[in-house]
Amino acid sequence: MRMCVTADEGRWRSRPVDEAGTPSGPVPAPGAFPAAAASTDRVVWAGTAACYPPLRAQGLRVGRCHDLTLAEGLILGHEGRWGAERSPAAAWARLRGDMGHGPPEGRRSGPAESDGGVVGPGIRVAGSGGWGEGAQPALFEPDAPAGGLPAGVDPLEVVVAVHADQQARITTARATSPGFGLLVAAESAAALAAVEMTEAGLPWRADLHDQLLEAALGPRPVHGGRPPRMQALAEEIGAILGRPRLNPDSQPDLLAALRRNGVPVRSTRRHELRGIDHPVVEPLLKYRELARLHAANGWAWREQWVRDGRFRPEYVPGGVVTGRWASRGGGALQIPRAVRAAVVAEPGRVLVVADAGQLEPRVLAAMSGDRHLIAATQQGDLYAALAAQALGRPQARAEAKLGMLSAMYGGGAGSVALTALRRRFPTALDLLQTAARAGEAGGSVRSVLGRVSPPAGHGWLDGLPPDRAAARARAYGRFTRNFVVQASAADWASVLLADLRTRLHALPGGCGPDPARLVFFQHDEVLVEAPAELAEAVVTAIHGAGAEATRLVLGDVGVQVPLDAAAVRSYADKHSATRG
């Protein structure tokens, strides 16, 4: 059974509904949250990020939920209604308009265009739609729309009505994307995990963090300003360029100084500087490395984001267009190697760290059905297998890796490795090329479970000179080329999290004060903090969740997605052993 719920100043209202969303019981009087529903029903609410934290503060755990906001975003994308807001209030307004009670908001005229060619199993090319004239999405652009209800509207009735409508639309979506229901359920489950991870926090040792910062930057400045080693490098850079007062953090001033000294650069990006033979390059690269550390994970960062020995960022599941997570503040998804030694389990506990080895090319193998690439996934190190099969040189792992990444991200045209990969794995690379052509035409592609990329929009190339139009089309093709793989990998990761969360709760002590719990997640890596005696059971749970995610998302096609899991005291200990 499902339980639709809303809250007003701590007083919860609920109404049971069946799987289709039809009310199946009376509305109880407002009061405390129906605790029995938390463990036995699928709770339906407007948004997990707002509704779940108050329950966690009371010690309640919700086993399953349906997040109306996250679901609406997925459904709208699948329907090609990219201009529509995804809040339950907006969904209710559209529903009322569709029923003849008012103007529909955000609906495009005419049905979504989705009659393109098949890209791969469960993935279809959709036609251009309403993303916005000339606009292009970024792979990493968080989106958090909002909306409110008019006065006098019953929020509980809105939740019931929108949920029922969504259930019908999910059924429709399954006709072309059989895994769409799983995608919606996994996204909602990931939202529960995200709230619990924020509450739990990642253990963070301030004393070790200080040691790492002082070793890299020197003592903390008493009155702000640059740490000693950064200041020394700034002075060295200024002396080399003949500008003693130069501020290396000012990009215009730095570029001007470089050019006056005969350094022909268009930017100060690392890859461009590395190709320059000039004495300023080494200290400048080092300065920028330390500046990133100081700004992103320095002392001021810790004072803002680490409380009571725990780093507690706010995670945003599905926060980017491919379905990858984002975070609000703290840079949670980019904890650099330089400070990972500060992440240490508390006494009597361990960190079980697991990452999926070379996830995206393994996903590509499953989507494309390329028998040679599927066979290569049976190897622990996929890139070494690619080097052996495509290049005939197992030691050419780095070349094979670069070639595969170029294929998925649209670079490296004409390279020897990429040419060899095309020859050995034509079916896989044809899928990527088909996806790229869809983007170049302004269309959409779908992930394996049915997440849809936004189309470029009507008239997106109008008025552009031919060379600029061609460049924009190629850029959008690179976006869709990678979307099919990256979004499908995000599908896999969401299902992994959902299943692992359930398995951890079933371990001994799962309901107690010292459980095994998820404390960190980024793309294809999870961290579980657990009592030391449960380390082996957690590793088993992770392997089981990975196998289930592979079965449900990628199917029984023979693709292996190994999860390299190990119990360690410090996050840095595991990082040194992970695959590239």
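Residues numbered from 1 in each chain as written. Predicted model: local features only at pLDDT ≥ 70, side-chain atom pairs only at ≥ 80, totals over all residues. Heavy atoms only, no water.

The subject of this paragraph is the confidence of the model for the protein. On average, the protein scores 87 in pLDDT, and the residues at 70 or more come to 90%. Low pLDDT, under 50, characterises residues 100-146; the stretch is placed with 126 contacts to residues that sit more than four places away or in other chains. (pLDDT = per-residue confidence, 0-100. Contact = heavy atoms within 4.5 Å.)

Quick look at the sheet that holds strand 15 (residues 563-568) now. One open sheet holds the four strands; their spatial order is 13-14-12-15, and the pairing between them is antiparallel. Whereas interior strands pair on both sides, the edge strands pair on one side only; in this sheet they are strand 13 (517-522) and strand 15. Taken over all neighbouring pairs, the strand axes of this sheet differ in orientation by 20 degrees on average, direction set aside. This element, helix 19 (residues 466-505), spans strand 12 (349-356), strand 13, strand 14 (525-531) and strand 15 of the sheet and lies at about 170 degrees to strand 13. Where helix 20 (residues 535-554) meets the sheet, it contacts strand 12, strand 14 and strand 15, and its direction lies at approximately 165 degrees from that of strand 15. (Pairing = 2+ DSSP bridges. Helix = DSSP H or I, 4+ residues; strand = E, 2+ residues; numbered from the N terminus. Axes fitted to C-alpha atoms, helices over the stretch in contact; angles between N-to-C directions.)

Attention now moves to helix 16 (residues 397-409). Given a rise of 1.5 Å per residue, 13 residues ought to cover 18 Å, and the 18 Å separating the end C-alpha atoms of helix 16 matches this to within 8%. Of the positions making up helix 16, those classed as buried are A400, G403, M404, S406, A407 and M408. On its buried face, helix 16 sits against helix 13 (359-368), helix 14 (371-376), helix 15 (382-391), helix 17 (416-424), helix 18 (426-440) and helix 19. Residue G410 follows helix 16 closely and has a positive phi angle near 80 degrees. (Expected span 1.5 Å × (residues − 1). Buried < 20%, exposed > 50% of the residue type's maximum accessible area, 1.4 Å probe, protein only.)

A separate point is the packing of aromatic side chains. Within this structure, the stated rule accounts for eleven aromatic pairs. Here the aromatic rings of W460 and Y476 are separated by 5.5 Å at their centres, their planes lie at 65 degrees, and the arrangement is edge-to-face. Of the two residues, W460 is situated in the loop between helix 18 and helix 19 and Y476 in helix 19; the sequence distance between them amounts to 16 residues. Each member of the pair, W460 together with Y476, is buried. An aromatic cluster is built from W460, Y476, F479 and F483, whose rings are joined through pairwise contacts. (Phe/Tyr/Trp six-rings, centres within 6.5 Å; stacked < 30°, edge-to-face > 60°.)

Moving on, we come to the sheet that holds strand 4 (residues 64-67). Spatially, 2-1-3-4 is the arrangement adopted by the four strands of the open sheet, whose pairing is mixed. Strand pairing shows two members of the sheet lacking a second neighbour, strand 2 (11-17) and strand 4, which therefore form its edges. Between one strand axis and the next, the sheet turns through 30 degrees on average, direction left out of account. Contacting strand 2, strand 3 (42-45) and strand 4, helix 2 (residues 48-57) crosses the sheet at an angle of about 125 degrees to strand 3. In the packing of helix 5 (residues 155-174) onto the sheet, the strands contacted are strand 1 (2-8), strand 2, strand 3 and strand 4, and the crossing angle to strand 1 comes to about 145 degrees.

Moving on: the side chain of H209. When you line up the elements, H209 lands in helix 7 (residues 206-217). Of note is the side chain of H209, whose polar atom sits 2.8 Å from the backbone oxygen of N297. When near neighbours in sequence (up to four residues on either side) are disregarded, H209 contacts W204, N297, G298, W301, R302, V339 and A342. (Polar contact = N/O pair within 3.5 Å; in protein donor to acceptor, adjacent residues only side chain to side chain.)

Positionally, R517 belongs in strand 13. Linking R517 and A438, residues 79 residues apart in sequence, is a C-alpha distance of 41 Å. The contacts of R517, once residues within four sequence positions are left out, are A200, R310, R349, L504, L527, V528 and E529.

Within the secondary structure, S444 is located in the loop between helix 18 and helix 19. You can call S444 buried: its relative accessible area is 1%. Spatially, the C-alpha atom of S444 lies 26 Å from that of V557, the residues being 113 residues apart in sequence. Looking at S444, its side chain comes within polar contact range of the main-chain oxygen of S453, at 2.6 Å.

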